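Each chain, written out:
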Amino acid sequence: MEFIETVDLKRTFGDIVAVEDLNLRIREGEVFAFLGPNGAGKTTTVRMLTTLIHPTSGKAYIGGNEVGREPDSMNIRAMTGFLPEAPGLYERLSAARNLDFYGRLYGVPESRRKARIEELLKWIGLWKRRDSPVATFSKGMRQKIAIVRAMVHDPQILFLDEPTAGLDPSAAKTVRDFLVDLGSMGKTIFLNTHNLSEAERVSTRIGVVSTQLLAQGTPKELAARYLKPASVFRLREATEDVVQAVDALDFVEEVHVEDGELHVSLEDPQKGNPAIAKAVIAAGGEIEFIVEKEMGLEEVYLRLLEDAA
Amino acid sequence: MRFEKAWTVAAKEMAEFRSNKYVLITLLLLPLSMAVVMPLALVLPIASQAPSGEPLPLDLPPPDMTIQGETLVDRVLVNASISDSVIRGSVIRDSRVMNSTLVGVTVEGSILEGVTIKNSVIRGSNVIEPGEISGSNLVNSPIVGGESEFVNVILLLLDTFLLFFVIIPAAIPALMASYSFVGEKLNKSLEPLLATPTTDGELLFGKALAIFLPTMGATWLSGVIFILLVNLLLEPTLGFAPLPTPTWLVALVLLAPLFATLSITANVIISSRVSDVRASQQLGALVVLPAIFLFMLPLFGVITLGPVSILGFAGGLLGVNVVMAFLALRLFRREEILVSWK
């Protein structure tokens, strides 16, 4: 069942088109990474989906509620948790008071609220500092509090906008581990990020966006769809004769030398590799080892953005 | 409008104010200094020169000399009867002075009747139905007679002090609203707040309530302190507690809250248009102008400051408040604020 659905969603600011023709389908329990460079329209999309701003055209539905229509928008706000790019905590108030405030606004009953705050603060290891003003916390700690703030009412869906932006590597790792935990809890998570490894590690599916949705699928699906298979031949010396010999083979689509290794793109590596090996040896090359080239998200991402540009 | 949501917002705001020393200082120091300093600085000198109501039991012997229609300079006059004269730079002791003018004179143990006193020191004497008294110190010297005029002057003066208790509720929200709205903007806390299932009306009402309650608490507390202090200082000399008059009651109970509300709504509008705390405070402080305008009108003889005129002004202010509240709600557009606030 689609939990988040957008149909030709568009948002402009004056003459600037921030998001266009956005068609997304995200199932319940999915961790969906919305990947794109700065200015790609990720934050605008999340703001539309969390009912903070209206779409210029198109429609969006969250759990069957239409974005921008009352009382649907109020239902959407009640069923979603939102972490904006900046934590936006009340620095003079304690961690517990911050969570209590949001718990009240989300209508969590007092008995449940207290237990929930304790549970969440213990989960992120800040229960002992529950009464300390947020101003005394590190950036990573604040980000964790901001994340559990979005969860205080146990929402069905979480929108997280760049949760690790601006954090040092250690704090970013803590938050990323935290997101993996969240994903394993079965929450539907919409994760805005421009961090490829974060998207790859945390999400079950990825959407690449640059104003328009360029592609969506699992990292492997995207790699299979957008990248050709390749074999890497590690040679003692990659001479010009060897390159020409391999390039002369009919089934080889592309060949180039990278860090002394021969990268060969071809339709079926299993079938073609023995013939390539023969050609290399015949041209005087000495093979040290052959491996299948790993197709990472980075290649897919850069390729998609390159094509879009 | 769900009141519990608005109250949640208000309680959070007030908790933040409690931990903000700038807000606390403004909230406590400004009203309390007016409540304490004003009576001590302005009312106490009046009280010291006010009639005690009871003349001193002076039993003067028959005069040794009688002076009438003369101008005396640098003289020492003891046990004299002086009338229709002008006396400068002299000392008068145990004498009776009638219908004369004293300039730079020291008087002790005498009876001054219908006398104009300038730049003089009067000790242990009875001042009966005096003319003008200026630049003089009356020490243990009751003014006997002419009380009604004196009381009127005192009450008029006290009414003008009301201005401060109308300015306080107009001025405090300028500071608090700037922290409340612009602070939210600077803190980047508005986005998650607007993502909660809370309406604009609930948010605005909660924030307004958080400003209104402490503002009126501080105003009324300082008003009560001022009234108690003034009564303490003036009751012994006037023979009655001069405050609160009906004018004071109407102004404190009706006008002050209305000015506070006007200030809050105006500041909501201002702070949703600016992104700097100081700019918000400076613009917001302009709301005190209508309060000053109200108290200028009696000075130009346009109105007489009293319960009826204040009630009329309050009625007009109520109408303005309704319009301003409507405007504040209309102008608080979450989408515009999120998109345009940097």
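From a predicted model like this one, the values you see are computed outputs, not experimental measurements. Residue numbers restart at each chain and count upward from 1, following the sequence in its written direction. Each chain takes a letter, starting from A, and each ligand takes a number, starting from 1, following the order in which they are written. Given that this is a predicted model, residues contribute local features only at a pLDDT of at least 70 and side-chain atom pairs are listed and counted only at 80 or more, while totals for whole chains, interfaces and linings are drawn from all residues. Only hydrogens and water are set aside; all other atoms, that is, all heavy atoms of the structure, feed into the side-chain values.

## Things to note about the overall build of chain B
Step number 1: Each helix is a run of DSSP H or I of at least 4 residues and each strand a run of E of at least 2, with the numbering of both proceeding from the N terminus. The secondary structure content of chain B amounts to ten helices and 16 strands.
Step number 2: A compact globule built from 342 residues should have a C-alpha radius of gyration of about 20 Å, whereas chain B, at 28 Å, is more than 25% larger.
Step number 3: In terms of its C-alpha atoms, chain B occupies a principal-axis envelope of roughly 95 × 35 × 30 Å.
Step number 4: In chain B, which comprises 342 residues, the proportion classed as buried is 50%.
Step number 5: Once local pairs closer than 6 in sequence are excluded, the contacts in chain B between residues at least 24 apart make up 56%.
Step number 6: Computed with the Shrake-Rupley method and a 1.4 Å probe, the accessible areas treat only the protein chains shown as cover for residues. With the model as given, the accessible surface of chain B reaches about 15200 Å², and the carbon-plus-sulfur share is 66%.
Step number 7: Residues scored as charged are limited to Lys and Arg (positive) and Asp and Glu (negative), so that His and the chain ends carry no count. Taken as the charge centre is NZ of Lys, CZ of Arg, CG of Asp or CD of Glu, depending on the residue. Computed over 20 positive and 25 negative side-chain charges, the separation of the two mean positions in chain B equals 18 Å. For the radius of gyration, the atoms used are the C-alpha atoms, and the globule rule reads 2.2 Å times the number of residues raised to 0.38. Three exposure classes are used, based on accessible area relative to the maximum for each residue type with a 1.4 Å probe and protein chains only: buried under 20%, partly exposed in between, and exposed over 50%. We call two residues in contact whenever any of their non-hydrogen atoms come within 4.5 Å of each other.

## Quick word on the interface of chain A and chain B
Step number 1: Between chain A and chain B, the contact holds 27 residues from the first and 27 residues from the second.
Step number 2: Each partner contributes to the roughly 2600 Å² buried at the junction of chain A and chain B, and carbon and sulfur atoms together form 62% of this total.
Step number 3: Per-residue buried area on chain A facing chain B is highest for Leu52(A), Arg92(A) and Leu105(A); these three make up 26% of the total on that side.
Step number 4: We define a salt bridge as a side-chain nitrogen of Lys or Arg found within 4 Å of a carboxyl oxygen belonging to Asp or Glu. Our enumeration of links across chain A and chain B arrives at two salt bridges.
Step number 5: With a shortest N-O distance of 2.8 Å, Arg47(A) and Glu191(B) are connected by a salt bridge.
Step number 6: The term polar contact refers here to a pair of N or O atoms within 3.5 Å; inside protein, the definition further demands a hydrogen-donor-capable atom paired with an acceptor-capable atom, and it admits residues adjacent in sequence only when both atoms are side-chain atoms. Taken together, the connections running from chain A to chain B amount to nine residue pairs in polar contact (both at pLDDT 80 or more).
Step number 7: Among the residues forming the side of chain A that touches chain B, the class breakdown is 16 nonpolar, three polar and eight charged. Accessible area that two parts lose when put together, with a 1.4 Å probe and added across both, is what the buried area reports. As a working rule, the residues Ala, Val, Leu, Ile, Met, Phe, Trp, Tyr, Cys and Pro are called nonpolar, Asp, Glu, Lys and Arg charged, and the rest polar, with Gly in that last group.

## Comments concerning the packing of helix H3 (residues 95–105) of chain A against helix H5 (residues 139–149) of chain A
Residue and element names in this part refer to chain A.
Step number 1: Helix axes use the C-alpha atoms of the stretch in contact, all axes being lines fitted to C-alpha atoms, and the angles between their N-to-C directions lie in the range 0 to 180 degrees. Viewed as axis vectors pointing N to C, H3 and H5 meet at an angle of 25 degrees, and their least axial separation amounts to 10 Å. The angle between H3 and H5 places the two elements in the roughly parallel class. In the crossing of H3 with H5, the sense of the turn from one axis to the other is right-handed. Together, Ala95, Leu99 and Tyr102 of H3 and Ile145, Val148 and Arg149 of H5 make up the contact between the two elements.
Step number 2: Split by residue class, the contact of H3 with H5 holds five nonpolar, no polar and one charged. Roughly parallel means an angle under 35 degrees; roughly antiparallel, over 145; roughly perpendicular, 65 to 115; everything else is oblique. Helix crossings get a hand from a simple test, with the near helix turned counterclockwise from the far one by less than a right angle marking a left-handed crossing and a clockwise turn marking a right-handed one.

## Some details on the sheet that holds strand S2 (residues 71–73) of chain B
Residues and elements named next belong to chain B.
Step number 1: Pairing between two strands is assigned when DSSP locates at least 2 bridges connecting them. Ordered in space as S2-S5-S8-S11-S14, the five strands form an open sheet in which the pairing is parallel. Of all the strands in the sheet, the pair left with one neighbour each is S2 and strand S14 (133–134).
Step number 2: Bridge count between strand S11 (residues 116–118) and S14: two bridges; the pairing is parallel. Paired with Ile117 across the strands is Ile133, a residue of S14.

## Section: the domain arrangement of chain B
Step number 1: Those domain boundaries reflect an automatic or database domain assignment. According to the domain assignment, chain B consists of domain 1 (3–49 + 149–340) and domain 2 (65–144).
Step number 2: On a C-alpha basis, the centroid separation for the pair domain 1 of chain B and domain 2 of chain B is 48 Å.

## What about the nonpolar core?
Step number 1: Counting residues in hydrophobic clusters, the biggest one holds 150 residues, and the most contacted among them are Ile62(A), Phe159(A), Phe190(A), Leu158(B), Phe226(B), Trp248(B) and Leu255(B).
Step number 2: Broken down by element, this core gets its largest block of residues, 15 residues, from helix H3 (residues 147–186) of chain B.
Step number 3: In this structure Phe226(B) touches Met34(B), Ala35(B), Met38(B), Pro39(B), Phe161(B), Phe165(B), Leu243(B) and Trp248(B), once residues within four positions along its chain are discounted.
Step number 4: In terms of nonpolar packing, the next biggest core, distinct from the first, is built from 18 residues, Ile67(B), Leu77(B), Val107(B) and Val127(B) among them. To form a nonpolar core, buried Ala, Val, Leu, Ile, Met, Phe, Trp, Tyr and Cys residues must be joined to one another through side-chain atoms within 4.5 Å.

## Some remarks on the confidence of the model for chain B
Step number 1: Residue-level confidence of the predictor is what pLDDT reports, using numbers from 0 through 100. Chain-level statistics for chain B give a pLDDT mean of 84 and a share of 93% at 70 or above.
Step number 2: Across the assembled chains, the prediction reports ipTM 0.83 with pTM 0.75.

## Focus: the side chain of Ser90(B)
Residues and elements named next belong to chain B.
Step number 1: Relative to the elements of secondary structure, Ser90 occurs in the loop between strand S5 (86–88) and strand S6 (91–93).
Step number 2: Look at Ser90 and you get buried, because its relative accessible area is 2%.
Step number 3: At a separation of 3.3 Å, a polar atom in the side chain of Ser90 contacts the main-chain amide nitrogen of Asp74.
Step number 4: Among the polar contacts made by the side chain of Ser90, one reaches the main-chain carbonyl oxygen of Arg88 at a distance of 2.9 Å.
Step number 5: Ser90 has contacts with Leu72, Val73, Asp74, Arg75, Gly104, Val105 and Thr106, leaving out every residue within four places of it along the chain.

## Structural notes on the environment of Thr43(A)
Residue and element names in this part refer to chain A.
Step number 1: With respect to the helices and strands, Thr43 occurs in helix H1 (residues 42–49).
Step number 2: On a C-alpha basis, the gap between Thr43 and Asn192 in space is 7.3 Å, while along the polypeptide they are 149 residues apart.
Step number 3: Apart from residues no more than four positions distant in its own chain, Thr43 is found in contact with Glu85, Asp161 and Asn192.

## Digging into the sheet that holds strand S11 (residues 230–235) of chain A
The pairing of strands in a sheet happens through backbone hydrogen bonds and is either parallel or antiparallel.
Residue and element names in this part refer to chain A.
Step number 1: Taken together, four strands build an open sheet; the order of strands is S12-S13-S11-S14 and the sheet is antiparallel. The two strands at the open ends of the sheet, each matched to only one other strand, are strand S12 (252–258) and strand S14 (287–292). Direction aside, neighbouring strands of the sheet carry axes that sit 20 degrees apart on average.
Step number 2: With five bridges connecting them, S11 and strand S13 (residues 261–266) associate as antiparallel partners.

## Quick notes on a negative patch on the surface
Residue and element names in this part refer to chain A.
Step number 1: Together, Glu258, Asp259, Glu298 and Glu299 line one region of the surface with negative charge.
Step number 2: Within the secondary structure, Glu258 is located in strand S12.
Step number 3: A residue is classified by how much of its surface remains accessible, and Glu258, at 35% relative accessible area, is partly exposed. Note on patches: the residues involved have over 30% relative accessible area and no salt bridge, like charges join within 9 Å, and the nonpolar side chains Val, Leu, Ile, Met, Phe, Trp and Tyr join within 5 Å.

## Structural notes on the environment of Ala275(A)
All names here are of chain A.
Step number 1: On the secondary structure map, Ala275 appears in helix H10 (residues 269–282).
Step number 2: Classification of Ala275 by relative accessible area gives partly exposed; the value is 30%.
Step number 3: As a C-alpha pair, Ala275 and Leu249 span 26 residues in sequence and 8.4 Å in three-dimensional space.
Step number 4: Excluding residues that lie within four positions of it along the chain, Ala275 makes contacts with Leu249 and Phe251.

## Digging into helix H1 (residues 3–18) of chain B
Step number 1: Between its terminal C-alpha atoms H1(B) stretches 22 Å, which fits the 22 Å expected from 16 residues at 1.5 Å a residue.
Step number 2: Among the residues making up H1(B), those that are buried are Lys5(B), Ala6(B), Thr8(B), Val9(B), Ala10(B), Lys12(B), Glu13(B), Met14(B), Ala15(B), Glu16(B) and Phe17(B). Expected span of a helix: the number of residues minus one, times 1.5 Å.

## Quick notes on the environment of Pro246(B)
Step number 1: Locating Pro246(B) in the fold gives a position in helix H6 (residues 246–271).
Step number 2: Sequence separation between Pro246(B) and Ala195(B) is 51 residues, and the spatial gap between their C-alpha atoms is 48 Å.

## Points about the pattern of salt bridges
Should their charged atoms come close, side chains of opposite charge can pair.
Residue and element names in this part refer to chain A.
Step number 1: According to the stated counting rule, one finds 30 salt bridges over all chains in the structure shown.
Step number 2: Notably, a salt bridge pairs Asp72 with Arg69, separated by 3.6 Å at the nearest N-O pair.
Step number 3: With a relative accessible area of 11%, Asp72 lands in the buried category.
Step number 4: With its nearest N and O atoms 2.7 Å apart, the salt bridge here joins Glu91 to Arg142. Placement of the pair is Glu91 in the loop between strand S6 (80–83) and H3 and Arg142 in helix H5, with a sequence separation of 51 residues.
Step number 5: Overlapping salt bridges bring together Arg112, Arg116, Glu119, Asp154 and Lys187 as one network.

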